[in-house]
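Read off the chains here:
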Amino acid sequence: MSADPVASVAGVPVHAGDVDAREAWLRNGPGAGALPLTGTSEGRQLRRWLTQLIVTERVIAAEAAARGLTAAAAPPEAELLPDVAAQLEIGSVAAAVLADPRARALFADVTAAVVITDDQVADYHARNPLRCAQPRPEVNGWCAPAVAGPPLEQVRPVIARHLLGAARRRAFRMWLDARRAALVRLAPGYEHPGDPRQPDNTHRH
């Protein structure tokens, strides 16, 4: 996978050296021991993932600049990705770029029109009555699962916040996928890690 360039974003090339530099930074960092060996199938998949990260960062930077967005408009990262489930929901590349405040400002701009209705909140509560229920305290400090859920009005703000966060992540992910499809071109060998056409995307046990 030494071909150069390895990708382009709106016609601007991404070079193999850009991926090399990002990989070297990771391999010299505190998590280096967890990385796959260079030259292996997993190592090539890491380079594909890094390529996805780099092109996504460039898409984000271009879109934020086009909209006149700055870091000053960025919500806190914890607000957009409050837990591991939210990170998995939006995808590893999108979750990684949201460490950049410009990306979070873009997230807020792209998803500003997303709303959750009262009916959606009520439906969610009806389908998941114990979702916001507190465990029942027992002896010796143990807790038992709740047997009855709280009334809707008691947990409405919590459910609305949960549903709105999920809806905004979904909207941003779909928008980002569309922008990458329009702007990004990948060279052979640097396909998306999940592309079934590339030889390293093999399911193994």
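Scope of this entry: the structure provided in the associated data block. Only a predicted model underlies this, so the values are computations on that prediction, with no experimental measurement involved.

### Looking at helix H7 (residues 118-127)
So, step 1. When we look at burial in H7, the residues that qualify are Val 121, Tyr 124 and His 125. End-on, the buried residues of H7 take up no more than an arc of 100°, which puts them together on one face. Looking at H7, the residues exposed on the side facing more than 90 degrees away from the buried face are Asp 119, Ala 126 and Arg 127.

### Re the sheet that holds strand S5 (residues 184-186)
So, step 1. With antiparallel pairing, the 3 strands of this open sheet are ordered in space as S2-S1-S5. With partners counted over all chains shown, the strands left at the sheet margins are strand S2 (12-14) and S5, one partner each. Strand-to-strand twist of the sheet, defined as the mean angle between neighbouring strand axes without regard to direction, takes the value 20°.
So, step 2. Two strands pair when backbone bridges link them, and strand S1 (residues 7-9) and S5 are joined in this way by 3 bridges, in the antiparallel orientation. Paired with Val 9 across the strands is Val 184, a residue of S5.
So, step 3. Helix H8 (residues 152-183) rests against S1 and S5 of the sheet, and its axis sits at about 65° to S5.

### Quick look at unusual backbone geometry
So, step 1. Residues other than glycine seldom take positive phi values, yet Ala 10 does so here, at roughly 55°.
So, step 2. Structurally, Ala 10 can be placed in the loop between S1 and S2.
So, step 3. We classify Ala 10 as exposed; its relative accessible area is 56%.

### With respect to the pattern of salt bridges
So, step 1. Considering all chains together, one arrives at 16 salt bridges under this definition.
So, step 2. For the salt bridge of Asp 100 with Arg 102, the shortest nitrogen-to-oxygen distance reads 3.1 Å.
So, step 3. Residue classification places Asp 100 among the partly exposed positions, given a relative accessible area of 25%.
So, step 4. Salt-bridge contacts for Arg 197 lead to Asp 195; the nearest nitrogen and oxygen are separated by 2.9 Å.

### Notes on the packing of aromatic side chains
So, step 1. Scanning the entire structure with this criterion turns up 2 aromatic pairs.
So, step 2. Taking 5.0 Å as the distance between ring centres and 45° as the angle between the ring planes, the aromatic pair formed by Phe 107 and Phe 172 counts as tilted. Of the two residues, Phe 107 sits in helix H6 (residues 101-110) while Phe 172 sits in helix H8, which places them 65 residues apart along the sequence. Neither residue differs from the other here; Phe 107 and Phe 172 are each classed as buried.
So, step 3. When the centroid spacing of 5.8 Å and the interplanar angle of 25° are considered together, the rings of Phe 172 and Trp 175 count as stacked. Taken together, the residues span about one helical turn, with Phe 172 and Trp 175 both in helix H8 at a distance of 3 residues.
So, step 4. By relative accessible area, which is 0% here, Phe 172 ends up buried.
So, step 5. Using a relative accessible area of 17% as the deciding quantity, one classes Trp 175 as buried.
So, step 6. Among the aromatic side chains, those forming a connected cluster through ring pairs are Phe 107, Phe 172 and Trp 175.

What counts, and where the lines are drawn
- Residues numbered from 1 in each chain as written.
- Predicted model: local features only at pLDDT ≥ 70, side-chain atom pairs only at ≥ 80, totals over all residues.
- Heavy atoms only, no water.
- Buried < 20%, exposed > 50% of the residue type's maximum accessible area, 1.4 Å probe, protein only.
- Helix = DSSP H or I, 4+ residues; strand = E, 2+ residues; numbered from the N terminus.
- Arc of directions from axis to C-beta.
- Pairing = 2+ DSSP bridges.
- Axes fitted to C-alpha atoms, helices over the stretch in contact; angles between N-to-C directions.
- Contact = heavy atoms within 4.5 Å.
- Salt bridge = Lys/Arg side-chain N within 4 Å of Asp/Glu carboxyl O.
- Phe/Tyr/Trp six-rings, centres within 6.5 Å; stacked < 30°, edge-to-face > 60°.

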